[in-house]
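Here are the chains, one letter per residue:
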Amino acid sequence: MPHTDQNEVLFERARAVIPGGVNSPVRAFRAVGGTPRFVKRAQGAYFWDATDKRFIDYIGSWGPMILGHGHPAVVEAVQRAVTEGFSFGAPTEREIELAEAILALVPSMEMVRLVSSGTEAAMSALRLARGATGRKYIIKFEGCYHGHADALLVKAGSGLATFGNPTSAGVPPEVVQHTLVLEYNNIAQLEETFALHGHEIACLVIEAIAGNMNFVRASAAFAKRCRELCTQNGALLVFDEVMTGFRVGARGAQGVLGITPDLTVLGKVIGGGMPLAAFGGPRAIMEHLAPLGPVYQAGTLSGNPVATACGLATLKEVAKPGFFEALSKKTRALVEGLEAAAKAEGVPFSADSEGGMFGFFLLDALPQNYTAVMKSDGAKFNTLFHGLLDRGVYIAPALYEAGFVSAAHSDDDIAATIEAARQIFATL
Ligand SMILES: Cc1ncc(COP(=O)(O)O)c(C=O)c1O
């Protein structure tokens, strides 16, 4: 039978030429089943799929579209940049402007290097940490994602203070043997690991508000202990703020928690939807990078003139007074509305938000680590996901992903979303 839904037609065509029909796995809807929606166009808080159905978009390209789609100031800046040239492979003034804009907003950074993806930024920051400290071990936490560099595709093995196992075929165990994978928010395990390996640890990398196991905050005590143990042991504290940077607040998760990391990794919002990411920190560390120092890092499209124009225009809007207060209020209204609707229908539900980022769980209490997140009811989540999709609300197609509200979402969008969820909660 030929497909009648244009999304299905496109998905079949895509699967013939692109593995799984998608260029990043979560887009394939594997966790929830069904056909991915192919996007035709987007504006403000909405996108339209291949059948011209409109969706309220709570993914926003997985974080970058904090202003909503097609913000006029950003479109204008990109259009102007395009007429001046796509890529030069030589420095431009706009790169300095973007670097200055980032540094002005994030005081822990004195220098920044621009790259093209969060994966590249995190991978490079870890190489820099190892190069600057002359050490080889890194600590990461189960449930945090830092892109798909080999050494970071690793999950906890068995036992405490554990050496990890690769999570992807193609990553030999030897490549992850210097990556220690610990439980998020587990202070005792962290202390034990530093006691055992402290003098060999180059850095600890963390999503201080984690957005890759839905939405889980590092507790204030845990974040503080991360900082203290790194300082005491001469290891660098690396905040991966690819998702949280300019998303949970103007100074990212480090501003929310009041912790100063050594290195910060940025992406998503700083490119405003274009391929742009960055990593930075104190001058003394950043000067280990080539061409000043021995840590090699480079990129043909790094600091691309169109991407920097897009990022700069986006940051200008985000830095305006009151931006995050208004965005936080909207996101909180969504989360509180969903909570009230679930409660009214007797559905276990917990939720949290910071700035324009939120998460919810079909659980009575907010989980503190990856194992607890995975206790969420997958079947109920899928019913909720598809129910919302049918009603024109697009949330992440997997229960371990955070959600994003943009400045373009209206009170009516939020109210419509809560009402759609209420109807589905009534059936759960
Ligand atoms: C915290 C974090 N770090 C790194 C990455 C990787 O970024 P990219 O997908 O741009 O490579 C992501 C992507 O979602 C992320 O959320």
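Quick caveat: nothing in here was measured; it's all calculated off a predicted structure. (Residues numbered from 1 in each chain as written. Predicted model: local features only at pLDDT ≥ 70, side-chain atom pairs only at ≥ 80, totals over all residues. Heavy atoms only, no water.)

Visitor: Just give me the short version of helix α6 (residues 220-233), but keep the residues and values in it.
Guide: In this model, α6 (14 residues) spans 20 Å end to end at C-alpha, consistent with the 20 Å of a helix rising 1.5 Å per residue. Turning to α6, its buried residues are Phe222, Ala223, Cys226, Arg227, Leu229 and Cys230. On its buried face, α6 sits against β5 (137-141), α5 (187-197), β9 (201-206), β12 (236-241) and α7 (252-257). Downstream of α6 by a residue or two, Gly234 has a phi angle that is positive, lying close to 70 degrees. (Helix = DSSP H or I, 4+ residues; strand = E, 2+ residues; numbered from the N terminus. Expected span 1.5 Å × (residues − 1). Buried < 20%, exposed > 50% of the residue type's maximum accessible area, 1.4 Å probe, protein only. Contact = heavy atoms within 4.5 Å.)

Visitor: Account for the site of the ligand, with residues named and values stated.
Guide: Near the ligand, the surroundings consist of Ser117, Gly118, Thr119, Tyr145, His146, Gly147, Glu207, Asn212, Asp240, Val242, Met243 and Lys268. Between Gly118 and the ligand, the recorded distance is 2.8 Å, taken from a backbone N or O atom to an oxygen atom. Here an oxygen atom of the ligand sits 3.0 Å away from a polar atom, N or O, in the side chain of Lys268. With the chains in place, 81% of the 390 Å² that the ligand exposes on its own is no longer accessible. Of the residues in the shell around the ligand, the class split is three nonpolar, six polar and three charged. (Near = heavy atom within 4 Å. Polar contact = N/O pair within 3.5 Å; in protein donor to acceptor, adjacent residues only side chain to side chain. Areas by Shrake-Rupley, 256 points an atom, 1.4 Å probe, with all protein chains shown as cover. Nonpolar A, V, L, I, M, F, W, Y, C, P; charged D, E, K, R; others polar.)

Visitor: Give me the lowdown on the packing of helix α3 (residues 93-105) against helix α9 (residues 305-318), citing residues and values where you can.
Guide: Packing of α3 against α9 brings their axes to within 9 Å, and their N-to-C directions diverge by 35 degrees. Crossing handedness for the pair α3 and α9: left-handed. Contact residues: α3 offers Arg94, Glu95, Glu97, Leu98, Ala101 and Ile102, while α9 offers Pro305, Thr308, Ala309, Gly311, Leu312 and Leu315. Taken together, the residues of the contact of α3 with α9 break down into seven nonpolar, two polar and three charged. (Axes fitted to C-alpha atoms, helices over the stretch in contact; angles between N-to-C directions. Left-handed = near helix turned anticlockwise from the far one by under 90°.)

Visitor: Explain the packing of α5 against α6 residue by residue, including any values.
Guide: α6 packs onto α5 with a crossing angle of 5 degrees between their chain directions and a minimal axis gap of 10 Å. When the axes of α5 and α6 are compared, the pair comes out roughly parallel. Contacts between α5 and α6 involve Ile187, Leu190, Glu191 and Phe194 from the first element and Ala221, Phe222, Arg225, Cys226, Leu229, Cys230 and Asn233 from the second. Looking at the contact of α5 with α6 residue by residue, the classes come out as eight nonpolar, one polar and two charged. (Parallel < 35°, antiparallel > 145°, perpendicular 65-115°, else oblique.)

Visitor: For the domain arrangement of the chain, give the residues involved together with the corresponding values.
Guide: Under the domain assignment, the chain is made up of domain 1 (6-70 + 321-425) and domain 2 (72-318). Of note, the centres of domain 1 and domain 2, computed from C-alpha atoms alone, are 25 Å apart. At the interface, 32 residues of domain 1 touch 32 residues of domain 2. Note on domain 1 versus domain 2: buried area summed over both sides is about 2600 Å², and carbon and sulfur give 62% of it. For domain 1, the biggest contributors to the area lost against domain 2 are Phe324, Glu354 and Met357; these three give 23% of the whole. For the interface between domain 1 and domain 2, the tally reads two salt bridges. Between Arg217 and Asp352 there is a salt bridge; the shortest N-O distance is 2.6 Å. Summed over the shared surface of domain 1 and domain 2, the result is twelve residue pairs in polar contact (both at pLDDT 80 or more). Per-element accounting of the side of domain 1 that touches domain 2 gives the leading share, five residues, to strand β16 (residues 357-361). Class assignment for the residues of the side of domain 1 that touches domain 2 results in 20 nonpolar, nine polar and three charged. (Domains from an automatic or database assignment. Buried area = accessible area lost by both parts, 1.4 Å probe. Salt bridge = Lys/Arg side-chain N within 4 Å of Asp/Glu carboxyl O.)

Visitor: Lay out the packing of aromatic side chains with the relevant residues and their values.
Guide: Both the distance between ring centres and the angle between the ring planes are used here to describe each pair of aromatic rings. In this structure the tally under the stated criterion is 15 aromatic pairs. Look at Phe349 and Phe425: their rings are 5.5 Å apart centre to centre, the planes differ by 70 degrees, and that puts the pair in the edge-to-face class. Taken together, the positions of Phe349 in the loop between α10 (323-344) and β15 (350-354) and Phe425 in helix α13 (residues 411-425) put the pair 76 residues apart, joining distant regions of the chain. Residue classification places Phe349 among the buried positions, given a relative accessible area of 11%. A relative accessible area of 1% places Phe425 in the buried class. One aromatic cluster is present, formed by Phe29, Phe47, Phe55, Phe381, Phe385 and Tyr394 through successive ring pairs. Lying across the ring of Phe11, Arg15 places its NZ or CZ 4.2 Å from the centre. Above the face of the Trp48 ring, Arg41 is positioned so that its terminal group lies 4.1 Å from the ring centre. (Phe/Tyr/Trp six-rings, centres within 6.5 Å; stacked < 30°, edge-to-face > 60°. Lys NZ or Arg CZ within 6 Å of the ring centre and 35° of its normal.)

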